[in-house]
Amino acid sequence: MFKKGCVSALSLFLFLLYFCLLVNGWSGNGNGIWSSGPLLPKGKRETIVSTEYGKISAARVSDGGRRGCYHLQFFTLEPNSLFLPVLLHMDMVFYVHTGSGKLNWVNEDEEKPRLTSLRRGDVYRLKPGSVFYLRSNLEAEREKLRIYAIFVNSEDGDLNEESWNGAYSSISDLVRGFDKKVLQAAFQVPEELIEAITNATKPPAIVHDVPAPTKKNLWGWEARFLKAFMGSQDHSMYDLDNKKKADKTFNIRDADPDVMNCNGRALTVTNKDMKVLKGSKIGIFMVNLTKGSMMGPHWNPMATEIAVVIEGEGMVRVVCSSNNTNTNSSSSNSSKFECENRRFRVEKGDIFVVPRFHPMAQMSFNNGSLVFMGFSTASKLNHPQFLAGGSSVLRTLDKNVLAAAFNVSNTTMDQFLTPQRESIILDCTSCAEEEARMMEEEIEKQRQEEEECRKRKEEEEAARKRKEEEEAARKREEEEEAARKREEEEEAARKRKEEEEAARKREEEEEAARKKEEEEEAARKREEEEEAGRKREEEEEAEEEEDRRRREAAAEREQEEAAREEEERQKRERKEEQYEKEKRREEEDEAKARKREEEEEEETKEEDRRREEAAEREQEEAMRGEEERQEREKEEVKYEIGGGGEGRRAEY
C-alpha cells in the first residue's frame, strides 16, 4: 500500500511538471539579437547569462523566409565550472569549439543516465525532453570550454519556430514552482528538507564545479529529482563520474573530409555519419579554406546554412535567386530582408546565413586561411549544386540549350566550362581582396549616392524654400495692394459716413429743439394739472383724516368696553376656579374618609370584590364629576347670556 501511494504521488508530481515550464529565471528564453539580414557580427550577440565562471550569449538569425528565425546559443565555461541541470524543450545540436568537459544527460528513451566526454571538434545532439548539465575539465592549458549550439523544433516540422517557453528551463525553477505540500508528498521527505530547498538562494546558471566528495550532498536533491523524473531508482547522473564507459561522440576534426585538396577541405555530418542525429533535421558542416582559396559558387537545394566563423577572415558572396530583385512585395510571404546580391566581410565569431536556392561563394584572403563551421537545415538529404569546376551542374546540361540560355555560341560556352579541372574548393588568389575592393567601392558608391541624394534633397529643399519665399513675397505684395485699396475705400467710406453723420446731427438738433418746445409746453400743462390734482388730494386727505379720527375714537371705545368685559370675565373665572378647587378638596377629603371606613370594614373580603367596589366608586366619582362639570357649564352659559345682553344694552 505504501509503495502504491508513493507511485501515485510521484505520478502526480511528474504530470504537473510539464505545466510548470513558464517559471521565471535562467530558462534559456533569451530572445537574442534578431538579424534582419544575412550577417550578424559577433559583437551584436545578446548576453543572457554572465558569471565569473562563464557566460551564455544568444543570437537569432533569419534566412529571409516567412517562418521566423533560427535560435543559436554560445556557451563559454571557465575551467572546472558547472552549467547546472536544465530540461531541454527543443532539439539541440552543438559543436565543441575549444576545451574539454563532460556532458551528463538522460531522457525518456534511455534507461540509465548517460555520460559523454567532450573535446574540441566533437559534435552531438540532445533530443527535446532531455535533462542535462555540462562540466568543464581543469586542464593544464586552462582552456575554456566553448560550445556552439542551435535549437530547433524538429518534431513540429517548423525548424525555425521557437518553443513557446524557450530553449530550456532550470530544473531548480521547475521544482520550486510547486507548492511545498506537493513536493513533500512527491519526494516523501521531511518538511524541514523541503523548507531548506525552497528557501535556499537561487544559484546562477554557471557555477564553480564542486569537489567530488561534497558534490552529491550539494546537488543531491536535483539528482534525486532526475531519478524520479526518468523513472530510475538505481542510478543517478552523478554516479557516472566514477564509471569508465561513456557515450562516443563524432569528432569533426578527426573525421576524414568529404573534399580535400591543396585549397582546403570540407566535411558534412548527417544522420548517416552520426547515430544521434537520426530523426533530427539538422546537419553540421565545417569548411577550412587555405590562403587565397574559394568554396566554388554553389547553392543548396534542400537546406539553409547558418555558419559561424571560428578562425581567420574572408569574404562571402550571395546571389539573389529571385527573377525580380527590385520588386517590393506587399505579400505576407515576402522576405524579411530585401532579396538582392550581397557581398560582406566575415571574421572570427561572426554568424552568416545563406537561404536555400541562393548561390554563394566563400573566399579566404591571400594572407590567411578561413575556417567556418555551421548548421544546415534539411529534412531530406541535401546535395549542394556547384556551378563551376569538375562537379559543375552546368556540364550535365545540353550545351546547345545552355548556349541559348546565355545567348552565346557553343564554342564560347565550351571555353567557359572546360578550363577548370578542380572541383568544389578552388584556387582563387586575390578573389577575396577583389571582393573586398568591390565591396568598398560599393560602400563608397552607396555613400556617394546617399551624399548626392542628400544634396539633391537639400537643393530641392532650398528650391522649395525659395519658391515658398517668392510665393510669400507675391502674396505680401497682393495683400499690401489689397490693403491699400481697402484703405482708400475705407477713407472714402469714412468721409461719406462723416457727412452723413453731420447731416444726421443737424436733423437731430432740429428735432431735439422741436421736441424741447413740445416738452416744455407739455410740462407746463402737467404742472397745472398737478396743481389742481394736488388741491383735490389735500381736500380728500382732510376728509380722510376726519374719518380716521372718528374711526379711531370708536375703536378706542370698543377696546375699552372689550377690556372691561375681559376683566369681568377673568374675575368670574378666578372665582369659579377657586370654588371648584375648594369643592374638589372637600370631595376628596370625604372620599378619603369613606374609603378608609370601607377599607376597615372590608379587610376580610376577597381581593376581587375590593377591586370591583373600587372600580364602581371610581365610576361614580367620574359620573358625579361629569355631572358637576355639566352643571357648571350650564351656569356659565346662563351667566354669559345674561351678562352679555346687559352689556350691549348699556352700550347702546
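Each value, and the rule that gives it
Residues numbered from 1 in each chain as written. Predicted model: local features only at pLDDT ≥ 70, side-chain atom pairs only at ≥ 80, totals over all residues. Heavy atoms only, no water. Helix = DSSP H or I, 4+ residues; strand = E, 2+ residues; numbered from the N terminus. Buried < 20%, exposed > 50% of the residue type's maximum accessible area, 1.4 Å probe, protein only. Contact = heavy atoms within 4.5 Å. Areas by Shrake-Rupley, 256 points an atom, 1.4 Å probe, with all protein chains shown as cover. Axes fitted to C-alpha atoms, helices over the stretch in contact; angles between N-to-C directions. Parallel < 35°, antiparallel > 145°, perpendicular 65-115°, else oblique. Nonpolar A, V, L, I, M, F, W, Y, C, P; charged D, E, K, R; others polar. Disulfide = S-S within 2.5 Å. Pairing = 2+ DSSP bridges. Polar contact = N/O pair within 3.5 Å; in protein donor to acceptor, adjacent residues only side chain to side chain. Core = buried A, V, L, I, M, F, W, Y, C linked by side-chain atoms within 4.5 Å. 1 Å grid on protein atoms, 1.4 Å probe; cavity = no way out; pocket = protein on both sides within 12 Å on 5 of 7 lines; lining within 4 Å. Points joined across faces, edges and corners; volume = space filled by probe spheres on them. Patch = residues over 30% accessible without salt bridge, like charges linked within 9 Å, V, L, I, M, F, W, Y side chains within 5 Å. Salt bridge = Lys/Arg side-chain N within 4 Å of Asp/Glu carboxyl O. Lys, Arg positive; Asp, Glu negative; His and termini not counted. Charge placed at Lys NZ, Arg CZ, Asp CG, Glu CD.

Q: How should I be thinking about the overall build of the chain in this particular structure?
A: Helix and strand content of the chain: 9 helices and 26 strands. Here the chain, with 652 residues, has 35% of them falling under the buried criterion. Considering only residue pairs separated by 6 or more positions, the chain has 78% of its internal contacts joining residues 24 or more positions apart. On the chain, roughly 40600 Å² of surface is accessible, and the fraction owed to carbon and sulfur atoms is 48%.

Q: Sorry if this is basic, but what is going on with the packing of helix 6 (residues 399-406) against helix 7 (residues 410-417) here?
A: The angle between the axes and the distance between the axes are what describe a pair of packed helices. At their nearest, the axes of helix 6 and helix 7 sit 9 Å apart, and the two run at 95 degrees to each other. Of the possible angle classes, the one that applies to helix 6 and helix 7 is roughly perpendicular. For the pair helix 6 and helix 7, the contacting residues are Lys399, Asn400, Leu402, Ala403 and Phe406 in the first and Asn410, Met413, Asp414 and Leu417 in the second. Within the contact of helix 6 with helix 7, the residues separate by chemical class into 5 nonpolar, 2 polar and 2 charged.

Q: For this particular structure, what's the right way to read the side chain of Ser293?
A: Tracing the chain through its elements places Ser293 in strand 19 (residues 293-299). Overall, Ser293 belongs to the buried group, its relative accessible area being 0%. If near-sequence neighbours (up to four positions away) are discounted, Ser293 is found in contact with Asn263, Gln362, Met363, Ser364, Leu426 and Cys428.

Q: Which parts of the structure should I look at to understand the state of the cysteines?
A: Here a disulfide denotes a covalent bond joining the sulfur atom of one cysteine to the sulfur atom of another. This structure, assessed with the given rule, holds 1 disulfide. Between Cys428 and Cys431 runs a disulfide, and the two sulfur atoms are separated by 1.6 Å. Torsion about the S-S bond of the Cys428 and Cys431 cystine: about -95 degrees, corresponding to left-handed handedness. By relative accessible area, Cys431 is classed as partly exposed at 23%.

Q: Sorry if this is basic, but what is going on with the environment of Val49 here?
A: Structurally, Val49 is set in strand 3 (residues 46-51). Of the residues examined, Val49 reaches a relative accessible area of 10% and is grouped as buried. Along the sequence, Val49 and Pro204 sit 155 residues apart, while their C-alpha atoms lie 8.1 Å from each other.

Q: Sorry, what's going on with the pairing of strand 12 (residues 145-152) here?
A: Side-chain direction in a regular strand flips from residue to residue, so the side chains alternate between the two faces of the sheet. When you tally the buried positions in strand 12, you get 7 out of 8 residues, the bulk of the element. With 7 bridges connecting them, strand 5 (residues 70-77) and strand 12 associate as antiparallel partners. The residue bridging Leu72 from the neighbouring strand is Ile150, located in strand 12. The sheet contact formed by strand 7 (residues 91-98) and strand 12 spans 7 bridges and is antiparallel. Counted as the bridge partner of Tyr95 is Tyr148 from strand 12.

Q: Which parts of the structure should I look at to understand the environment of Glu78?
A: Relative to the helices and strands, Glu78 is located in the loop between strand 5 and strand 6 (81-88). The exposure class assigned to Glu78 is partly exposed, which follows from its relative accessible area of 25%. Between the C-alpha atoms of Glu78 and Ile206, which are 128 residues apart in sequence, the distance is 9.3 Å. Not counting residues within four places of it along the chain, the set of residues in contact with Glu78 comprises Glu52, Tyr53, Gly54, Ser136 and Lys144. Among the polar contacts listed, one links the side chain of Glu78 to the side chain of Lys144, at a separation of 3.2 Å.

Q: Looking at this structure, I do not really get the nonpolar core. What am I missing?
A: If you look at soluble globular proteins, the nonpolar side chains tend to sit buried side by side. Counting 56 residues, the largest nonpolar core has Phe75, Phe83 and Phe132 as the members making the most contacts within it. Looking at this core, the element that brings in the most residues is strand 12, giving 7 residues. Residues Phe285, Phe344, Val354 and Ile425 belong to the second largest nonpolar core, which totals 20 residues.

Q: Got a minute to help me understand the layout of surface pockets in this structure?
A: One water molecule sets the probe size; rolling that probe over the atoms shows where empty space is left. There is about 720 Å³ of room inside the second largest pocket. Taken together, the elements giving at least two residues each to the lining of the second largest pocket come down to strand 17 (264-269), strand 18 (282-289), strand 19 and strand 24 (370-377). Broken down by class, the residue content of the lining of the second largest pocket amounts to 15 nonpolar, 12 polar and 6 charged.

Q: What's the story with a negative patch on the surface in this structure? I'm lost.
A: Together, Glu537, Glu539, Glu540, Glu541, Glu543 and Glu544 give the surface a local cluster of negative charge. Mapped onto the fold, Glu541 is located in helix 8 (residues 431-601).

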